[in-house]
Amino acid sequence: MIITVTMNPSLDHAYFIDHFSPGIVNRFQTPRKSIGGKGINAGRAASLSGAKVIISGFLGGDLGQIVGRDLKDENLFELMMLPVSEETRRAITVMHDGNVHTEIVESGPEVSDEQAFHLMNEIKEKLNKENASVITINGSVNSNNKHLYKDLLKYIRTEISNEIPVLMDISGEQLLSLLESDEYKPTFIKPNIHELGELIGKSIPSKEVAIHEMSHSLFNDIDYIMVSCGAEGALFKAGDIYYNVEIPTIDIINPTGSGDATVGGFAYALEEKYSIEDTLKYAMACGMSNAQHAEVGVINKHDVELFMNQIQVKQY
Ligand code: ADP
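Please read these numbers as outputs of a predicted model, since none were measured by experiment.

### Quick look at the site of the ligand
Item 1. Residues in close proximity to the ligand total 16 residues, the closest being Asn192, Ser228, Gly230, Gly233 and Gly259.
Item 2. In the model, an oxygen atom of the ligand is placed 3.0 Å from a nitrogen or oxygen of the lysine 190 side chain.
Item 3. In the complex, the protein chains occlude 85% of the 550 Å² of accessible area that the ligand would expose alone.
Item 4. Contributing elements (two or more residues each) for the shell around the ligand: α8 (258–271) and α9 (276–291).
Item 5. Of the residues in the shell around the ligand, the class split is seven nonpolar, eight polar and one charged.

Written out as structure tokens, the structure reads:
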């Protein structure tokens, strides 16, 4: 069983218009609605891979009810969504003028430390009854505690299990706080190449530059570091061994959430105890398959297996 944590899900609205002009009334057709949340997307990819998945997090207000109902209707996972009084956020994307994306993203309900630890406690109680093989924490949290994710990892390690792999696909100051701490280390992180640059304060133009930066002391003692590079595949570090993962060129429909599907695939492959090489191939193939679907986090297992044969994993 895989448990994913999404602290700040959203109801996403995508609007399409030929030309968008600020400062005047722009009229749109009804938006395409979908559920947003990195842990939800990762959970979807893991579930479609064949894993039993629990998705956990917070939902509130009328929008939270809609999101909860739609997630239930998907029939892909067990829900452990705790209620909060503030409304679940909306994220609006306007696609206009060719391929320009303009986004309006609400900050969403603020999660207090107490609520976050309450969720962890629910996960702990669940794991007293059932075994889980992986926990993933994905995406942002609206918290005034910039060390919250570091604190949650400590809780998992001390109160839930010192053994269970914890995959953390997070960014910004929460990731920095986690990496700067010597106390507990996540099993896996997956910054994309831009997030890697933000983290170390440099622009990273290529895989060749990225691979050097992966030996930065911030990444010491993390079992697995994946730097995903979109259509260029990924780089990976396990201990002192560095890998270059090369993927074939494919036609894509919507690459949004490919990173989340990659994390979901990684979690599934860990649970299945794949070799490192096959784990990397499986995770990458999930990202690729996601990019071939309009929906986010959706993969086709048959395509994933075909892609795996076309992916090359080379040690540096
Ligand atoms: P994120 O969504 O976190 O920014 P990436 O864009 O790096 O992550 O995508 C994660 C993985 O998904 C890539 O390593 C690759 O396997 C796959 N992927 C993403 N974009 C493409 C693409 N345009 N073509 C093929 N595969 C892609």
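### Description of the layout of surface pockets
Item 1. Approximately 190 Å³ is the volume attributed to the second largest pocket.
Item 2. Around the second largest pocket, the lining residues are Lys38, Gly139, Ser140, Val141, Tyr149, Asp169, Ile170, Ser171, Gly172, Glu173, Gln174 and Glu195.
Item 3. At three residues, helix α5 (residues 172–180) tops the list of elements feeding residues into the lining of the second largest pocket.
Item 4. Of the residues that constitute the lining of the second largest pocket, the class distribution is three nonpolar, five polar and four charged.

### Some thoughts on the packing of helix α1 (residues 38–49) against α8
Item 1. Packing of α1 against α8 brings their axes to within 7 Å, and their N-to-C directions diverge by 50°. Considered as vectors, α1 and α8 are oriented oblique to each other. Crossing hand, α1 versus α8: right-handed. Contact residues: Lys38, Asn41, Ala42, Ala45, Ala46 and Ser49 in α1; Asp260, Ala261, Gly264 and Tyr268 in α8.

### Here's the deal with the sheet that holds strand β1 (residues 2–6)
Item 1. With mixed pairing, 10 strands are arranged side by side in an open sheet as β5-β4-β1-β8-β9-β10-β11-β12-β13-β14. Lying at the two open borders of the sheet, with one neighbouring strand each, are β5 (78–84) and β14 (312–315).
Item 2. Pairing between strand β13 (residues 241–246) and β14: four bridges, direction antiparallel. By the bridge assignment for β14, valine 245 is matched with valine 313.

### Let's talk about helix α6 (residues 193–200)
Item 1. Taken as a whole, α6 has its buried residues at Ile193, Leu196, Gly197, Leu199 and Ile200. The buried residues of α6 occupy an angular sector of 160° when projected down its axis, which confines them to one face. Among the exposed residues of α6, those pointing more than 90 degrees away from its buried face are His194 and Glu198.
Item 2. In this structure, the buried residues of α6 make contact with α5, α7 (207–213) and β11 (224–228).
Item 3. One or two steps after α6, the chain reaches glycine 201, where phi turns positive at roughly 70°.

### Details of the nonpolar core
Item 1. Among the nonpolar cores identified, the biggest contains 49 residues, and Met7 and Ile123 are the most heavily contacted of them.
Item 2. Counting residues per element, this core draws most heavily on helix α4 (residues 148–160), at seven residues.
Item 3. Residue contacts for isoleucine 123: discarding those within four places in its chain leaves Ile3, Val5, Ser56, Met80, Ile135 and Ile160.
Item 4. Counting residues in hydrophobic clusters, the runner-up holds 44 residues, among them Ile35, Leu59, Ile247 and Val263.

### What about the pattern of salt bridges?
Item 1. Under the criterion given, the structure shown has 13 salt bridges.
Item 2. Note that arginine 69 is salt-bridged to aspartate 70, the shortest N-O span being 3.2 Å.
Item 3. Taking relative accessible area as the criterion, aspartate 70 reaches 25% and is therefore assigned partly exposed.
Item 4. Linking arginine 90 and glutamate 106 is a salt bridge whose minimum nitrogen-to-oxygen distance equals 3.0 Å. In this pair, arginine 90 is assigned in strand β6 (residues 89–96) and glutamate 106 in the loop between β7 (100–105) and α3 (113–129), connecting sequence segments 16 residues apart.
Item 5. Given a relative accessible area of 31%, arginine 90 falls into the partly exposed group.
Item 6. Connected through salt bridges with shared partners, the residues Lys52, Glu78, Lys126 and Glu130 form a single ionic network.

What counts, and where the lines are drawn
- Residues numbered from 1 in each chain as written.
- Predicted model: local features only at pLDDT ≥ 70, side-chain atom pairs only at ≥ 80, totals over all residues.
- Heavy atoms only, no water.
- Near = heavy atom within 4 Å.
- Polar contact = N/O pair within 3.5 Å; in protein donor to acceptor, adjacent residues only side chain to side chain.
- Areas by Shrake-Rupley, 256 points an atom, 1.4 Å probe, with all protein chains shown as cover.
- Helix = DSSP H or I, 4+ residues; strand = E, 2+ residues; numbered from the N terminus.
- Nonpolar A, V, L, I, M, F, W, Y, C, P; charged D, E, K, R; others polar.
- 1 Å grid on protein atoms, 1.4 Å probe; cavity = no way out; pocket = protein on both sides within 12 Å on 5 of 7 lines; lining within 4 Å.
- Points joined across faces, edges and corners; volume = space filled by probe spheres on them.
- Axes fitted to C-alpha atoms, helices over the stretch in contact; angles between N-to-C directions.
- Parallel < 35°, antiparallel > 145°, perpendicular 65-115°, else oblique.
- Left-handed = near helix turned anticlockwise from the far one by under 90°.
- Contact = heavy atoms within 4.5 Å.
- Pairing = 2+ DSSP bridges.
- Buried < 20%, exposed > 50% of the residue type's maximum accessible area, 1.4 Å probe, protein only.
- Arc of directions from axis to C-beta.
- Core = buried A, V, L, I, M, F, W, Y, C linked by side-chain atoms within 4.5 Å.
- Salt bridge = Lys/Arg side-chain N within 4 Å of Asp/Glu carboxyl O.

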